[in-house]
Amino acid sequence: MGEMSIGIILPKRQWNRLALEELNDDDSFVFHYAKTGEELNLEVLFINIDELLVNEGKGKAFIIKEQEIVLLGFVKIPSIIYNSTIYHQKKHKRKIFELAKQTGVTVINEQNHIKKKTFLDLVESHPALKDVIMIADNQPQPSFNFYVLGQKDFHHQWTTPIVYAKNNDEIYTFAKAYPLLTENQLMEETKDYLYEVSHRILEILHYYYPAIYEIGLQFVMMENGEMQIQSTCPISNIVKDIWYCNEKLAVTILQWPIELAKSISEMENSIKSESNLLLDSEDFQDDKITPFVGKASQQDENVWVKFKVFQENEMTMKLPDRIAERWREQPEVVKFGINEQPCNFVIYEDAIPLRHNSYQNPADLFVSHTLVGHMHLPLDLVYQIQFSEGKAIIGPTIGLLLGEKNKVYNLQYMEKFNDRFGEYHRYGGVTIAFSARSVDWEKKIAYGMVFDPVKKNWRYYSTPIPSTIYRRNFHQKKENIKQLKKLTDNNLFNSYHFKKSDLYLLKNNPEIKQHLPATFLLNNMDDLIDFLIENKKIILKPVSLSRGRGIFILELNNESEGFSLYDYRNMTKVQHILEDKKGLQALLKEFGIFHQEYLFQTYIPLLKVNNRSLDVRVVMQKYNKRKWQCTGIECRVAREHEDLTNIARGGEAMTLEAVIKNSTQGLTYSQVYRNILNLCQRFCRLMDQKNEHFAEFGIDIALDDEGFPWILEANIYPSFKGFKTLDYDTYLRIRNQPMFYAVQIQGFQILEEDAFGNTLHYRERAYL
């Protein structure tokens, strides 16, 4: 297929119907897509969703030429894909998302629908939409609904080409519907308001749902002419509404995605050479990133503050003279997150002492509404402010970096992070959870959800990109991660997804090589069989999965020349007995192992307690830029007759001390404990030599019959389920530590006492 092409995804049933030329009214739309493509010299391919092979980069397609359908078979997936369908099956949703993740592919409408509750939560809590009126749940529903269509161009600018009303199945223009509902004479004003509100909502939706390029907004109008937002609706519904009352207008709407694809294609072709140069530039070379260096503490200059706003058109901050006394030099700039702005600082007399200044007793600090607007500063939080190098720095600002599945990130999703904020009163500031896809890169603003420490919940908000970012997901585009690392001066921690294959690459490192089981990447059957013959029993692991998913154990049968393959992909272990190498290879091929990245390694006979296998999960976390500490150790004890110990597979959490005392090997707990921690410290120090910013590891240790520790895995995103049931205080300490670390590397204070000198009970563990 030529470079100038677009693929339009169709549901299987519609695709098959068209392929057989058994058409109905809904199928007439596709001919308009094809006609528009022909007029714009853009080839339009229609692709079957069920025959879309994302990993292979191809899909089953047909084209329309001179009103004739021409089947093409499988073709290369075009660089631009348009999706106008709401898919209800998870496999189809997953396929669209996987397609959007492919390098060089732009999906127009990866998503085209928002759940009503999620949408209304966004409208209700985002400050930019605070004056938008939502229809009440218990309010009688008016018979008329008004719809505004939003379509976004490749510059992400929204247009609203149509507004119409609908009563049951009858479609009305706005001008005809308005006088039927109200005697209010302000029709033009109401329509202007409707457009203005719609554009504000659409501009916000762009950042929270960047994959949506077209969507309808559904309003209702009350008897007094007041417009209230009700929900969104998909483009397909709007096209069908318009088609039966104004076919010419519907055709114009249908032309839009083809015109957009043409613009995107032309833009991509024009910048292709420039983008190649950009990726090779110094700014984006991994080895050019400045190594992480923490900032010197300014704790003696920090002041706890609560902001109050006043009206002024200049960037102004008013401070009491008690705070100004702490200046080493007159500040000229205010900094919040990574954003800096020139600011006027006005000093006034205030006799209130700062002796008991703390989170519970903050000083009032007055800021102009212009400063609040420019800096995207949430006003209802308690902050610390420090004065350094001519800047007034407001913080701490912490980001939780989510993945690219924006459609699943809502207020309910964020509740699982709530237990990370039990110690929030010790550092204050703002924490925002956001996706890299929800960043305004030009203005350096992150759109996400901010934690409310008073209500103990989340709300939609926007802040500058935070000064420190805790990476909570590893499904982001590499260029976005590189950009965030650069903008935060490498204060994005857990910057690299350390995988099983990375542990394999350390096999020759003298620091830890004697503690690593022999491990190899699975490339061919001969190497696998040779290794099995040598070791009798081995384990196969997928590189990219965790929590025991995708694991197989393979062993030689003692009584024959065959093999036993134990399949642990599901909760129930399944044994396959195979007579020869050919049968084993066929089964592994059937399971798709050779199409994934797998490794195989020596099976370590695990230490047992009460005849149940166990391993050890050690959580290592950064306390400051140079010091790692162990914040938790648990043993995971497998079920009877199980080889895998994962809690997710029914394993039980126990303390290391209890396990060692109950083992029959005569081991000494203190010696085993020291050996494990010594090994984990060596591993973490080794990781600090990499050109990455690591701050957290879950290290899985196998103890053999002699208590010798082996590193099985090192996870940058460890699960803490065992700690939650075994020792809840330890669990909370683990959950809080990354937040403390994010505060510490910004140079802000972590309180050890409250405002009146009472010692807080939570203490950090001593360094190892």
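What you see is a predicted model; the values in this text were computed from it and never measured. (Residues numbered from 1 in each chain as written. Predicted model: local features only at pLDDT ≥ 70, side-chain atom pairs only at ≥ 80, totals over all residues. Heavy atoms only, no water.)

Asks: Please give an account of unusual backbone geometry that cites residues and values.
Replies: Put simply, Gly395 and Pro396 share a cis peptide bond, and its omega is -10 degrees. Inspection of the secondary structure puts Pro396 in the loop between strand 19 (391–395) and strand 20 (397–402). Here Gln67, not a glycine, exhibits a phi torsion of approximately 65 degrees, which is positive. For Gln67, a relative accessible area of 55% corresponds to the exposed category. At Asn490, a residue that is not glycine, the phi angle is positive and equals roughly 65 degrees. Looking at the secondary structure, you find Asn490 in the loop between helix 11 (478–487) and strand 25 (492–493). (Helix = DSSP H or I, 4+ residues; strand = E, 2+ residues; numbered from the N terminus. Buried < 20%, exposed > 50% of the residue type's maximum accessible area, 1.4 Å probe, protein only.)

Asks: How would you summarise the pattern of salt bridges if you had to cite specific residues and measurements?
Replies: Close approach of charged atoms allows side chains of opposite charge to pair. Under the counting rule described, the total for this entry stands at 25 salt bridges. Between Lys166 and Asp241 there is a salt bridge, with the nearest N and O atoms lying 2.9 Å from each other. Within this pair, whereas Lys166 is found in strand 8 (residues 158–167), its partner Asp241 is found in helix 7 (residues 235–243), the two being separated by 75 residues in sequence. Classification of Asp241 by relative accessible area gives buried; the value is 13%. By sharing partners, the salt bridges in this structure join Asp615, Arg617, Arg636 and Asp700 into a single network. (Salt bridge = Lys/Arg side-chain N within 4 Å of Asp/Glu carboxyl O.)

Asks: Could you give me a rundown of the environment of Asn509, with the residues and numbers involved?
Replies: One can find Asn509 in the loop between helix 12 (500–504) and strand 26 (519–521). In this structure, the C-alpha to C-alpha distance between Asn509 and Leu686, residues 177 residues apart in sequence, is 9.3 Å. Polar side-chain contacts of Asn509 include one of 2.9 Å to the backbone nitrogen of Glu511. (Polar contact = N/O pair within 3.5 Å; in protein donor to acceptor, adjacent residues only side chain to side chain.)

Asks: How would you sum up the sheet that holds strand 12 (residues 303–310)? Please name residues and give values.
Replies: Spatially, the eight strands line up as an open sheet ordered 15-14-19-18-12-17-13-16, and their pairing is mixed. Where the open sheet ends on each side, the last strands, each with one partner, are strand 15 (339–342) and strand 16 (344–348). Strand-to-strand twist across the sheet, computed as the mean angle between neighbouring axes with direction ignored, equals 35 degrees. In the sheet, strand 12 pairs with strand 17 (residues 363–368) via six bridges, with the strands oriented parallel. When the sheet's bridge partners are listed, Lys308 is paired in strand 17 with Phe366. (Pairing = 2+ DSSP bridges. Axes fitted to C-alpha atoms, helices over the stretch in contact; angles between N-to-C directions.)

Asks: Before we move on, could you go through the side chain of His92 and cite the residues and values that matter?
Replies: Within the secondary structure layout, His92 lies in helix 3 (residues 90–101). Ignoring any residue separated from it by four or fewer positions in sequence, one finds His92 in contact with Ile49, Asp50 and Tyr87. (Contact = heavy atoms within 4.5 Å.)

Asks: Can you break down the pairing of strand 20 residue by residue, with the values?
Replies: Most of strand 20 is tucked away: six of the six residues are buried. Burial of the side chains of strand 20 extends over both faces: Thr397, Gly399 and Leu401 are buried on one face and Ile398, Leu400 and Leu402 on the other. Of the pairings in the sheet, the one linking strand 20 to strand 21 (residues 430–440) comprises six bridges and is parallel in character. Residue pairing for strand 21: Leu401 is matched across the bridge by Phe434. Across four bridges, strand 20 lies against strand 24 (residues 468–471) in parallel orientation. From the neighbouring strand, Leu401 faces strand 24, where its bridge partner is Arg471.

Asks: Kindly report on empty space enclosed by the protein, identifying the contributing residues and their values.
Replies: In total, this model carries four cavities of 30 Å³ or more according to the counting rule given. Computed from the structure, the largest cavity encloses a volume of approximately 100 Å³. The wall of the largest cavity is formed by Lys500, Leu503, Tyr504, Lys507, Leu516, Pro517, Thr519, Lys541, Leu599, Gln601, Ile711 and Leu712. For the lining of the largest cavity, the secondary-structure elements that each account for two or more residues are helix 12, strand 31 (598–602) and strand 37 (709–715). Among the elements that make up the lining of the largest cavity, the one with the highest residue count is helix 12 (three residues). The class makeup of the residues in the lining of the largest cavity is seven nonpolar, two polar and three charged. In this model, the second largest cavity occupies a volume close to 70 Å³. Every residue lining the second largest cavity is listed: Tyr208, Leu402, Asn406, Tyr409, Ala433, Phe434, Ser435, Ser438, Tyr447, Gly448 and Met449. Among the secondary structure elements, those contributing two or more residues to the lining of the second largest cavity are strand 21 and strand 22 (445–452). (1 Å grid on protein atoms, 1.4 Å probe; cavity = no way out; pocket = protein on both sides within 12 Å on 5 of 7 lines; lining within 4 Å. Points joined across faces, edges and corners; volume = space filled by probe spheres on them. Nonpolar A, V, L, I, M, F, W, Y, C, P; charged D, E, K, R; others polar.)

Asks: Please provide a residue-by-residue account of a positive patch on the surface, values included.
Replies: Together, Lys90, Lys93, Arg94, Lys115 and Lys405 line one region of the surface with positive charge. Turning to its location among the elements, Arg94 is positioned in helix 3. (Patch = residues over 30% accessible without salt bridge, like charges linked within 9 Å, V, L, I, M, F, W, Y side chains within 5 Å. Areas by Shrake-Rupley, 256 points an atom, 1.4 Å probe, with all protein chains shown as cover. Lys, Arg positive; Asp, Glu negative; His and termini not counted. Charge placed at Lys NZ, Arg CZ, Asp CG, Glu CD.)

Asks: Describe the sheet that holds strand 30 (residues 574–578), naming the residues involved and giving the relevant values.
Replies: Read from one edge of the open sheet, six strands run 26-31-27-28-29-30, paired in antiparallel fashion. In the strand order of this sheet, the two ends are held by strand 26 and strand 30, each with one partner. Put simply, the sheet's adjacent strands are angled 20 degrees from each other on average, direction ignored. Relative to strand 31, strand 27 (residues 537–542) runs antiparallel, the two sharing five bridges. Paired with Ile539 across the bridge in strand 31 is Gln601. On top of the sheet, helix 13 (residues 525–535) reaches strand 26, strand 27, strand 28 (552–556), strand 29 (563–567) and strand 31; it is set at about 140 degrees to strand 27, its chief contact.

Asks: Describe a negative patch on the surface, and please don't skip the residues or the numbers.
Replies: Together, Glu21, Glu38, Glu39, Glu66 and Glu68 give the surface a local cluster of negative charge. When its relative accessible area of 47% is taken as the criterion, Glu68 is described as partly exposed.

Asks: Requested: an account of the nonpolar core, with residues and values cited.
Replies: With 106 residues, the main nonpolar core has Ile201, Leu205, Phe219, Met317 and Trp458 as its most contacted residues. Residue contributions to this core peak at eight residues, all from helix 6 (residues 187–208). Once residues within four sequence positions are removed from consideration, Met317 is found in contact with Phe307, Val334, Cys343, Asn344, Phe345, Val346, Leu365, Phe366, Val367, Leu371, Ile385 and Ile394. (Core = buried A, V, L, I, M, F, W, Y, C linked by side-chain atoms within 4.5 Å.)

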